[in-house]
Structures are given as structure tokens and as C-alpha cells.
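# Breakdown of the fold
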Amino acid sequence: MQSASAEIAGLISRTALRDRAAFRDLYGRTSAKLFGVCLRILRDRTEAEEALQEVYVKVWQRADRYVQSGFSPISWLVAVARNHCLDLLRARKPVSEDLDLALEVADTGPTPEQAAVGSGERARIDGCLDQLDGDKADAVRGAYLDGYSYEELAERHSVPLNTMRTWLRRSLIRLRECLSA
Amino acid sequence: MSMDDDRSDAGHEDSLLVAEFALGLLSAGEHERMARRIAAEPALRAELRMWNQRLAGLDAQFEEQAPPSHVFSRVEQRIFATRAAGGGWWNSLALWRSVAMGSLAVAVVAIGVNVMRPAPVDPEQFATQLVAALQSQEGSGVEFVALYDQATGSVRLTALSGEVAPDRDLELWYIKGDEPAVSMGVVPLDQRTEIDLDATAREKFGEGIILALTLEQKGGSPTGVAQGPIVAVGAATPI
């Protein structure tokens, strides 16, 4: 029996061959995850619904690129969603936001789909982030998971912009060493 | 390997820029410049792949939330609305037979064609040449390179020497946009193949067209529609 990951990969490749039933199946299995990505980054339900539609149109259009991407199937889909939402964020007019709304959501433990992300990669990045100071690790996570800009991160951590840039760049150097080990 | 070793400052800086690019931290202008550099420099592409793969370990933390039920029909409308209600071509067919990928004993050796090189081509002066690297789908080990020459109207296919199970054949398909896949016939593994395109295919062939290989019974799919699993797929780019 195929793993969940291999099944998703199969659905993506059948989508590349214009199999509409496979595309519907792919949506059914992955849209909750990608909606979660859009909601977290955009922080607006209406925008997230609109973005989700655009994301799956991109998935349909780019399904043939998955093979060369180097991602696991779920992570490729997440990357399409994340990148699309980041593009939308950058295009937004700046709005003063209540940063208290952006508190980390409590971790309720991995669902089967979350487990399909790959416990190996998850352990690797978590382990390397744990080696950083807590606020530096939070900044990296904030950039990836919440799409925070340098400005937003500086505000969240109450430091000047240049300090945040330095923190993050030093953290990325250390991360790279750890991730290549 | 310490970052303090003899790596040049350019290497340091580039690695950081790629990481910031992956995290979405660059300004719009910086992001676009970096995107172009990444497209042009294989070392940066490799660096980006590394960062993307490692950072993707955080994806487990995105929580799932069920979207409203109307969303998918809107997705289909966006993709298919302009097409005639044909689309059911795939839906009426037998679904893919599941073939354990591990049972495909196809070993292929990559030939050295640089399909990533973005060479400028003046379409007025040169016949359009497109190349597609059909890359292996999970586990199949099948890889091909296909070359299309508009001047001759033919597609040349080169595989890597290998074996398909004796009761199977590989069948080649082209897919343009959202239209159904069209067969280009059975393709032998052990020799270079040249396929002359008919007028319809020549009209459709262009950048971005997708070529795919499926594993079919001997002689190819009898229905004119792919029945077996996809073992390799790639998109054509100009060379």
C-alpha cells in the first residue's frame, strides 16, 4: 500500500495529465492544509478563500513542475500556497495590525497529513532552531509560517530594524551550518 | 563545515540572500533581482533547493482548516469555464491501474543535454527548438530527453538504455494547456526515436507543452487514452 505521500504525488502527476478526477481528489485531500496556510499568512478569511482558489488554479497550471522541484508532495503544495500568499501580502497596502492577534496557535499535535510532511525534515529544522536563542528561532518561524517582514518582526520583538536584520542573518548562518551537518 | 573557512564573501552573502529569498524577507525589488539570479546560476538554485527542503520541515505547523464547500466549484469555473463542456474525457475512462513502481525494472542513464540553459533564441531567424527533460516519477527510474525541431516538424527522443517488462510498452503523449493528452505512439527504450508530427500536433507544439510517458500494455493503450501510470513527465523549453 502506498504511503500518503506517494498517493499525493500520484494525484499531482495525474493532474499534470489533465485528469480532472485526480485534481478533485487532490483538492479534497490537501485543501484543508493549504487553507490553513492561507489563513495563517493572510489573517483574513475572505482573502484566504480567494487566495485558495488562485492557489489551486496554480496547482493545476504547474502540476508538471512538481517533479523537478525537489519538494515532498505536500511541501510542494504548501510552497505554492505560501508563495502566493506572500505575493498578496507584499501587494497589500500597509495596515496597522493588532499584533496580539498573531499569537502562535497552540500545537495540538500532528494529524496524519502533518505527519506526511516528513518527520525527518521536521525533526531536523526543529532541532536546529532549538539551538538558537528562543527569540531568534521565533523570528525565523515567524518569517516562514506567518510571512512577517523584517519590519513586522522588529516591531514584534521591540528591536530596531537593523538589529532584527542582524539577528536573523546571524541566525541563518548558524542554521545553515546546523542543517548541513 | 564552518562558515569561517576559506569560502569567499560572495558565497557567504549569496547563501544568506537565498535564505532570505526563501523566507520571503527581501523587498519586492530585491526579490525580483534574486529570482533572476537564481534562474541563471545553478549554484544558487541548488542552495535554494536546500533551504526550501529544510524549511519545509516547518510545514507540519500549519494547521488544517476545512475551506467552505463552494471553493472547489469556483476553482473549476476559473480553469474550465471557457472550454466547451468536453472535459469529461478523463472521467469516462477506466482509472489508472495501480502498478507498484518498484516492479518497473527500467534503468536509464542521463545524457548530457543541458535543458536548463536559458539561451536567447530569435524565433524569426531560427527554427524553434524545444527540449523537454522527462523526469522520473517517483521510483520509476525512467528518464528521457525529447528534442523538437520546428523546421523538420519532428520530435527526436532519446532514452537511456534499459528494460521495460516484456509485456509492456512506453507510450508518449503531449498535453497542451487544459486539453486532453494526445498519443504520439509507442516509444522503444533501446533506440533513438524520431516521430514526425502531424499538422495538428505541429500547430500545438510550443513552449510549455508537456510530454509524458505512460506504461501501457504491449502495443500501447488500445483505447487511445492513457490507461497506465505516468512514469516520466516534463515540459518543453526553448533552447
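Preceding block: the structure.
Residues numbered from 1 in each chain as written. Chains lettered and ligands numbered in written order. Predicted model: local features only at pLDDT ≥ 70, side-chain atom pairs only at ≥ 80, totals over all residues. Heavy atoms only, no water.

## Considering the pairing of strand S4 (residues 168-175) of chain B
All names here are of chain B. Within S4, seven of the eight residues are buried, which leaves the element mostly enclosed by the surrounding structure. With eight bridges connecting them, S4 and strand S7 (residues 210-217) associate as antiparallel partners. Residue pairing across strands places Leu-172 opposite Leu-213, the latter belonging to S7. Hairpin connection, S4 to strand S5 (residues 182-187): the antiparallel pair is bridged by six residues, and Gly-177 has positive phi, about 55°. (Buried < 20%, exposed > 50% of the residue type's maximum accessible area, 1.4 Å probe, protein only. Helix = DSSP H or I, 4+ residues; strand = E, 2+ residues; numbered from the N terminus. Pairing = 2+ DSSP bridges.)

## A short note on helix H8 (residues 134-146) of chain A
Because an α-helix packs 3.6 residues into every turn, residues spaced three or four apart end up facing the same way. All names here are of chain A. End to end, H8 covers 17 Å across 13 residues, agreeing with the expected 18 Å (1.5 Å per residue, within 8%). Of the residues making up H8, those classed as buried are Lys-136, Ala-137, Ala-139, Val-140, Arg-141, Gly-142, Ala-143, Tyr-144, Leu-145 and Asp-146. Once H8 finishes, Gly-147 follows within two positions and takes phi at roughly 70°, a positive value. (Expected span 1.5 Å × (residues − 1).)

## Let's talk about the nonpolar core
Across soluble globular proteins, nonpolar side chains have a tendency to be buried as a group. Within the largest apolar cluster, 93 residues are counted, with the highest numbers of intra-cluster contacts made by Val59(A), Leu175(A) and Trp51(B). With 11 residues, the single largest contributor to this core is helix H2 (residues 20-42) of chain A. The residues contacting Leu175(A), other than those within four sequence positions of it, are Ile125(A), Cys128(A), Leu129(A), Leu132(A), Val140(A) and Trp51(B). Core analysis: the second largest hydrophobic core is formed by 21 residues, Val155(B), Val187(B), Leu189(B) and Leu197(B) among them. (Core = buried A, V, L, I, M, F, W, Y, C linked by side-chain atoms within 4.5 Å. Contact = heavy atoms within 4.5 Å.)

## With respect to the state of the cysteines
All names here are of chain A. For the coordinates displayed, the defined rule picks out one disulfide over all chains. In this model Cys-128 forms its disulfide with Cys-178; the gap between the sulfur atoms is 2.0 Å. The sign of the S-S torsion, about -80°, decides the handedness of the disulfide formed by Cys-128 and Cys-178: left-handed. With Cys-128 in helix H7 (residues 119-130) and Cys-178 in helix H10 (residues 161-180), this pair connects stretches of sequence that are 50 residues apart. Considered together, Cys-128 and Cys-178 belong to a single accessibility category, that of buried residues. Left unpaired, Cys-38 is separated from the closest cysteine sulfur, that of Cys-85, by 3.5 Å. Classification of Cys-85 as buried rests on a relative accessible area of 0%. (Disulfide = S-S within 2.5 Å.)

## Some remarks on the pattern of salt bridges
All names here are of chain A. Tallied over the full model, the rule gives 20 salt bridges over all chains. Two residues, Glu-7 and Arg-29, come together in a salt bridge whose shortest N-O distance is 2.7 Å. Taken together, the positions of Glu-7 in helix H1 (residues 4-16) and Arg-29 in helix H2 put the pair 22 residues apart, joining distant regions of the chain. Overall, the relative accessible area of 25% leaves Glu-7 in the partly exposed class. (Salt bridge = Lys/Arg side-chain N within 4 Å of Asp/Glu carboxyl O.)

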